[in-house]
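If you want the building blocks of each chain, they are given just below.
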Amino acid sequence: FPDSHGDMAASGRLLEGAERQAELLWERSRLDEQMVASFKTQVEQTLYDAHCVEQDYVRSLELTAPSRAAHMPTPFFEAKLRAMQAEAALLQEHIGRLDGALATTG
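Just so we're clear, the structure is a prediction, and the values are computed from it rather than from any experiment.

**Q** Which residues make up the pattern of salt bridges, and what values do they have?
**A** In total, this model carries five salt bridges according to the counting rule given. A salt bridge links Asp99 to Lys40, with the nearest nitrogen and oxygen atoms 3.2 Å apart. With Asp99 in helix H2 (residues 75-105) and Lys40 in helix H1 (residues 4-64), this residue pair connects regions lying 59 residues apart in the sequence. The closest approach of N and O atoms between Asp56 and Arg59, which form a salt bridge, is 2.5 Å. Of this pair, Asp56 and Arg59 are both found in helix H1, three residues apart, which corresponds to roughly one turn of the helix. A residue is classified by how much of its surface remains accessible, and Asp56, at 43% relative accessible area, is partly exposed.

**Q** Describe the packing of aromatic side chains, and please don't skip the residues or the numbers.
**A** This model, assessed by the stated rule, comprises one aromatic pair. Seen in terms of ring centroids, Tyr57 and Phe77 are 4.0 Å apart; in terms of plane orientation they differ by 25°. Their pairing is stacked. Of this pair, Tyr57 sits in helix H1 while Phe77 sits in helix H2, placing them 20 residues apart in sequence. Judged by relative accessible area, which is 23%, Tyr57 ranks as partly exposed. Phe77 gets classed as buried once you look at its relative accessible area, which sits at 18%.

What counts as what
- Residues numbered from 1 in each chain as written.
- Predicted model: local features only at pLDDT ≥ 70, side-chain atom pairs only at ≥ 80, totals over all residues.
- Heavy atoms only, no water.
- Salt bridge = Lys/Arg side-chain N within 4 Å of Asp/Glu carboxyl O.
- Helix = DSSP H or I, 4+ residues; strand = E, 2+ residues; numbered from the N terminus.
- Buried < 20%, exposed > 50% of the residue type's maximum accessible area, 1.4 Å probe, protein only.
- Phe/Tyr/Trp six-rings, centres within 6.5 Å; stacked < 30°, edge-to-face > 60°.

Keep in mind these numbers describe shape, not what the thing actually does.
Spelled out as structure tokens, the structure:
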């Protein structure tokens, strides 16, 4: 007969190792989810701040500029605004990917 006691002991050690590994992976997953949630909050706050800055800028132009031409942003601001809009779109795309990744692991 094969040494069943030895096989059982080896199986028990293998099971304990697998359980420890599963616990470590679960903990890492939980920490990753917390980091993603924190990052998502920061990105949303940044997008909100950028939107507020844009609105404040437009509002300040409306209050200080007597003519329609004065409402037009400078080329520098237009370029900055386009860059921020592109960054915002990219961040939204990344948030969607992160949400999708979390949905598949949850």
